[in-house]
Amino acid sequence: MFGLFAGVLLLLLSGALQATAQGRLDAQYEATLAGIPVGKGSWTIEIGDDMFSASAVGGTAGLLKAFSGGTGSGASQGRVVNGGLVASSYTATTATSKKSETIRMVLAGGSIKDFSIDPTPPIDGDRIPITEAHRKGVFDPMTGAMLRVGGTAELMSPESCRTGAGIFDGRMRYDLKLDFKRLETVKAERGYHGPALVCAIYFIPIAGYIPDRPVIKYLAAQRNMEITFVPIAGTRVLVPFRLMIPTPFGTAMLEATSFVTTAAPPRVAKTQ
């Protein structure tokens, strides 16, 4: 179950606009199902003048750990070009008591130049094939988890929600669309306390998936999922604070318990 939460967290949206200045985020998240803890994770993001990096780790917790132990991690890094985050590499690893898997991707100019899954999964004839076109104009899941708001417009504006992006995670290509729902105030147990932007989120599978899979059908049909964004200090980047997905077993939620974000002043060019 935590794999689903971590996956959705890493597979979220991004706009195609800009980040500015420098900032850092150190966050801790808890996943719950119908109020029962099922997983925990952490996320670290650093945005500098010309480079950025992001990494996340997580695993099952509470009662779920006794039945289905598992861990996962993901990382992305790249350059800051004209204020935008341009990833050059992405890696994600998941592991359970029965198997482990590592996905690696190389990116350039907003396209996937190379990718691999280790061990190589068996070919499934029911899976919709990934074409070369599906690998162009997309974001990796980790970079795609950051919603960037360009220009000087208000960060916490309804317009910031009205966006979407194509995501490729090494196996599946899909679109994620956002729309504005409301503004509210959130408070972590440690760190952030302030305004938040709540967006509706819609999942649209494109390729690399098996159409008859119940989880794909369920997520594609959902119209009540929502994601709550807050800013990284010193930047024009918003990141998820909370994610809510209705399920037949109760509300599934991923929410920050600690959200510590700090700004660093832009680097001043040397004159000598």
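Residues numbered from 1 in each chain as written. Predicted model: local features only at pLDDT ≥ 70, side-chain atom pairs only at ≥ 80, totals over all residues. Heavy atoms only, no water.

## Things to note about the overall build of the chain
This is how the line gets drawn: Under the scheme used here, helices are H or I runs from DSSP no shorter than 4 residues and strands are E runs no shorter than 2 residues, and both carry numbers assigned from the N terminus. Type-normalised accessible area, obtained with a 1.4 Å probe on protein chains alone, sets the label of each residue: buried when under 20%, exposed when over 50%, and partly exposed for intermediate values. Throughout, a contact is declared for two residues whenever any of their heavy atoms are within 4.5 Å. Calculation of accessible area relied on Shrake-Rupley with a 1.4 Å probe; when residues are assessed, cover is drawn exclusively from the protein chains displayed.
A tally of regular secondary structure across the chain gives 4 helices and 15 strands. The burial tally for the chain puts 47% of its 272 residues in the buried class. Considering only contacts within the chain whose residues lie at least 6 apart along the sequence, 61% involve residues at least 24 apart. Summed over all atoms, the accessible surface of the chain reaches about 13,300 Å², with 56% contributed by carbon and sulfur.

## With respect to the packing of aromatic side chains
To describe a pair of aromatic rings, you give the distance between the ring centres and the angle between the ring planes. Heads up, the condition is: Planes of paired rings set the category: under 30 degrees apart is stacked, over 60 is edge-to-face and the rest tilted, where pairs are Phe, Tyr or Trp rings (Trp by its six-membered ring) whose centres lie within 6.5 Å.
Inspection of the entire model under this criterion finds 5 aromatic pairs. Between phenylalanine 115 and phenylalanine 168, the ring centres sit 5.1 Å apart and the planes meet at 80 degrees, which makes this aromatic pair edge-to-face. Linking phenylalanine 115 in strand β7 (residues 111–118) with phenylalanine 168 in strand β9 (residues 164–168), this pair joins segments that are 53 residues apart in sequence. Taking the relative accessible area as the measure of exposure, phenylalanine 168 reaches 0% and is therefore buried. Between phenylalanine 241 and phenylalanine 259, the aromatic rings sit 5.7 Å apart at their centres with planes inclined by 55 degrees, giving tilted as the arrangement. With phenylalanine 241 in strand β14 (residues 237–247) and phenylalanine 259 in strand β15 (residues 250–264), this pair connects stretches of sequence that are 18 residues apart. In terms of burial, phenylalanine 241 and phenylalanine 259 fall into one category: buried. Aromatic ring contacts, followed pair by pair, group Tyr192, Phe241 and Phe259 into a single cluster.

## Remarks on the nonpolar core
Put simply, the test is: By nonpolar core is meant a set of buried Ala, Val, Leu, Ile, Met, Phe, Trp, Tyr and Cys residues that side-chain atoms within 4.5 Å join together.
Ranked by internal contacts, the top residues of the largest apolar core, which has 65 residues, are Trp43, Ile45, Val239 and Phe259. Of the residues forming this core, the biggest block, 6 residues, is contributed by β14.

## Notes on the side chain of histidine 134
By secondary structure assignment, the location of histidine 134 is in the loop between β7 and β8 (147–148). Judged by relative accessible area, histidine 134 falls into the buried class, the value being 18%. Ignoring anything within four residues of it in the chain, the contact list for histidine 134 reads Pro129, Arg173, Ile206 and Ala207.

## Section: unusual backbone geometry
Note the cis peptide between aspartate 118 and proline 119, where omega equals 0 degrees. Residue position: proline 119 is located in the loop between β7 and β8. For alanine 34, which is not a glycine, the phi torsion comes out positive at approximately 55 degrees. For alanine 34, the location among the structural elements is in the loop between β1 (22–33) and β2 (36–47). The class of alanine 34 is partly exposed, set by a relative accessible area of 47%.

## Comments concerning the state of the cysteines
Under the convention used in this document: A pair of cysteine sulfur atoms is labelled a disulfide when the two atoms are within 2.5 Å.
All chains considered together, the criterion is met by 1 disulfide. With a sulfur-sulfur separation of 1.8 Å, cysteine 161 is cross-linked through a disulfide to cysteine 199. The sign of the -75 degrees torsion about the S-S bond sets the cysteine 161-cysteine 199 disulfide as left-handed. Here cysteine 161 is found in helix α3 (residues 158–161), whereas its partner cysteine 199 is found in strand β12 (residues 193–207), with 38 residues between them in sequence. Residue classification places cysteine 161 among the buried positions, given a relative accessible area of 0%. Residue cysteine 199 is classed as buried on the basis of its relative accessible area, which comes to 0%.

## Considerations on the pairing of β15
We apply this condition: When DSSP locates at least two bridges between a pair of strands, those strands are taken to pair.
In this sheet, β15 lies alongside β1 in antiparallel orientation, the contact comprising 12 bridges. Opposite glycine 23, over in β15, you have alanine 263 as the bridge partner. Judged from the 2 bridges that link them, strand β11 (residues 190–191) and β15 form a sheet pairing that is parallel. From the neighbouring strand, arginine 190 faces β15, where its bridge partner is serine 258. Where β14 lies against β15, 6 bridges are found, and the strand directions are antiparallel. Among the inter-strand pairings, isoleucine 245 is bridged to a residue of β15, identified as alanine 252.

## Structural notes on the side chain of aspartate 175
Put simply, the rule is: We call two N or O atoms a polar contact when they sit within 3.5 Å, provided that within protein one can donate a hydrogen and the other can accept it, with sequence-adjacent residues counted only if both atoms are side-chain atoms.
Looking at where aspartate 175 falls in the secondary structure, it is placed in strand β10 (residues 173–187). The class for aspartate 175 is buried, based on a relative accessible area of 16%. A polar contact of 2.6 Å, which involves the side chain of aspartate 175, links it to the side chain of arginine 173. Beyond its immediate sequence surroundings of up to four residues, aspartate 175 is in contact with Ala165, Gly166, Tyr202, Phe203, Ile204 and Ile206.

## As for the pattern of salt bridges
Heads up, the condition is: Here, a salt bridge means any Lys or Arg side-chain nitrogen found within 4 Å of an Asp or Glu carboxyl oxygen.
All chains considered together, the criterion is met by 12 salt bridges. Between arginine 171 and glutamate 101 there is a salt bridge, with its nearest N and O atoms 2.7 Å apart. Placement of arginine 171 in the loop between β9 and β10 and of glutamate 101 in strand β6 (residues 100–108) is noted, with a sequence separation of 70 residues between them. Arginine 171 sits in the partly exposed class, given a relative accessible area of 26%. Here the residues in one salt-bridge network are Lys181, Arg182, Glu184, Glu226, Arg242 and Glu255, joined through shared partners.

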